[in-house]
Amino acid sequence: AQSVSQHNHHVILSEAASLELGCNYSYGGTVNLFWYVQYPGQHLQLLLKYFSGDPLVKGIKGFEAEFIKSKFSFNLRKPSVQWSDTAEYFCAVNRADGLTFGKGTHLIIQP
Amino acid sequence: NAGVTQTPKFRVLKTGQSMTLLCAQDMNHEYMYWYRQDPGMGLRLIHYSVGEGTTAKGEVPDGYNVSRLKKQNFLLGLESAAPSQTSVYFCASRRDPQGLRTEAFFGQGTRLTVV
């Protein structure tokens, strides 16, 4: 069965720090990968997605992620975080019966 | 364009009561999903539907039933609510006529408390 692991459950950073959130998946076939963000009290919104091609994908708000097939990883990065990036971040793998989500990373940015 | 709309947004139930959560999408999507979100657990799939008139069980289906009588609506029912069903419920839809290369769109969520 597919599974998604997010290594960091809580991350606290200062503004302007660099961010990297880890995501590993377990699936041997073709994967379609996503990062979603959930701002406090809101629904999930798509940050970025990878289907094929260039393994470095860029999303909204300056986020990017790199797909490394050999490591089964899809880590999320941002060079310089802002206070408004405080949110919960979910990595997910697409499958026929729905998205399989990681448990999420709660990111807090301190001003 | 409303996207995915869930009603109600908040609800408090007593143990044993029943209720139905409604999800409506106006994007003509084939696939619809119900997830529950619990602290430290991420989102877990309850039930899903791949088209009008079809439903299937997800990861945590016990205690829930669903119906998809119309393509745009996906109903989640709790027949006899239990405190363990206290959660935030999200509905999502996805176009996906040919494969998995489409994103899911989520509703605003329903916060349900069972006392």
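Use the structure listed above.
None of these values were measured; they are calculated from a predicted model. (Residues numbered from 1 in each chain as written. Chains lettered and ligands numbered in written order. Predicted model: local features only at pLDDT ≥ 70, side-chain atom pairs only at ≥ 80, totals over all residues. Heavy atoms only, no water.)

So, on to the overall build of chain A. Within chain A, the secondary structure is distributed over zero helices and twelve strands. Going residue by residue from the N terminus, the α and β elements of chain A occur as β-β-β-β-β-β-β-β-β-β-β-β. For chain A, the C-alpha radius of gyration of 13 Å lies close to 13 Å, the compact-globule estimate for 111 residues. Counting only C-alpha atoms and orienting by the principal axes, one finds that chain A spans roughly 40 × 30 × 20 Å. (Helix = DSSP H or I, 4+ residues; strand = E, 2+ residues; numbered from the N terminus. Rg over C-alpha atoms; globule rule 2.2 N^0.38 Å.)

Should the charged atoms of two oppositely charged side chains come close, the side chains can pair. Residues and elements named next belong to chain A. Summed over all chains, the structure comprises eight salt bridges over all chains. Residues Glu64 and Lys58 are paired through a salt bridge, measuring 3.0 Å at the closest nitrogen-oxygen approach. Taking relative accessible area as the criterion, Lys58 reaches 64% and is therefore assigned exposed. Its salt-bridge partner being Arg77, residue Glu64 comes within 3.5 Å of it at the nearest N-O pair. In this pair, Glu64 is assigned in strand 8 (residues 64-68) and Arg77 in strand 9 (residues 73-78), connecting sequence segments 13 residues apart. Residue classification places Arg77 among the partly exposed residues on the basis of a relative accessible area of 23%. Each of Lys58, Glu64, Glu66 and Arg77 takes part in one network of salt bridges that share partners. (Salt bridge = Lys/Arg side-chain N within 4 Å of Asp/Glu carboxyl O. Buried < 20%, exposed > 50% of the residue type's maximum accessible area, 1.4 Å probe, protein only.)

What follows concerns the state of the cysteines. For the coordinates displayed, the defined rule picks out two disulfides over all chains. The side chain of Cys23(A) participates in a disulfide bridge whose partner is Cys91(A); the two sulfur atoms lie 1.9 Å from each other. Across the disulfide from Cys23(A) to Cys91(A), rotation about the S-S bond amounts to roughly -70 degrees, and the bridge is consequently left-handed. In this pair, Cys23(A) sits in strand 4 (residues 23-26) while Cys91(A) sits in strand 10 (residues 87-95), placing the two residues 68 residues apart along the sequence. The same class applies to Cys23(A) as to Cys91(A), namely buried. Between the sulfur atoms of Cys23(B) and its disulfide mate Cys91(B) the distance is 1.9 Å. Residues Cys23(B) and Cys91(B) share a disulfide whose torsion about the S-S bond is about -75 degrees; that sign makes it left-handed. Here Cys91(B) lies in strand 9 (residues 87-94) and Cys23(B) lies in strand 3 (residues 19-25), a separation of 68 residues in the sequence. There is no split in this pair, since Cys23(B) and Cys91(B) are both buried. (Disulfide = S-S within 2.5 Å.)

Residues and elements named next belong to chain B. With antiparallel pairing, four strands are arranged side by side in an open sheet as 1-3-8-7. Edge positions in the open sheet fall to strand 1 (4-7) and strand 7 (65-67), since each of these has one partner strand only. Adjacent strand axes in the sheet meet at a mean angle of 20 degrees, parallel and antiparallel pairs treated alike. Inspection of the sheet shows strand 3 paired to strand 8 (residues 73-78) by six bridges, in the antiparallel sense. Looking at the pairing, Leu21 lines up with Leu76 of strand 8. (Pairing = 2+ DSSP bridges. Axes fitted to C-alpha atoms, helices over the stretch in contact; angles between N-to-C directions.)

Moving on, we get to the side chain of Gln85(B). Take Gln85(B): it is sitting in the loop between strand 8 and strand 9. What Gln85(B) contacts, discounting residues up to four positions off in sequence, is Arg36(B), Asp62(B), Gly63(B), Tyr64(B), Leu78(B), Ser80(B), Leu112(B) and Val114(B). (Contact = heavy atoms within 4.5 Å.)

Next up on the list: the packing of aromatic side chains. In total, this model carries 17 aromatic pairs over all chains according to the counting rule given. Plain terms: the ring middles of Phe34(A) and Phe51(A) are 5.7 Å apart, the flat faces sit at 70 degrees to each other, and that makes the pair edge-to-face. Of this pair, Phe34(A) sits in strand 5 (residues 33-38) while Phe51(A) sits in the loop between strand 6 (44-50) and strand 7 (56-58), placing them 17 residues apart in sequence. Centre to centre, the rings of Tyr33(B) and Tyr35(B) are 6.2 Å apart; their planes meet at 35 degrees, and the pair counts as tilted. On the accessibility criterion, Tyr33(B) (1% relative accessible area) is buried. Through successive ring pairs, a cluster of aromatic residues spans Phe34(A), Tyr36(A), Phe51(A), Phe90(A), Phe101(A), Tyr31(B), Tyr33(B), Tyr35(B), Tyr48(B) and Phe106(B). (Phe/Tyr/Trp six-rings, centres within 6.5 Å; stacked < 30°, edge-to-face > 60°.)

No statement about biological role is implied by the geometric values presented.
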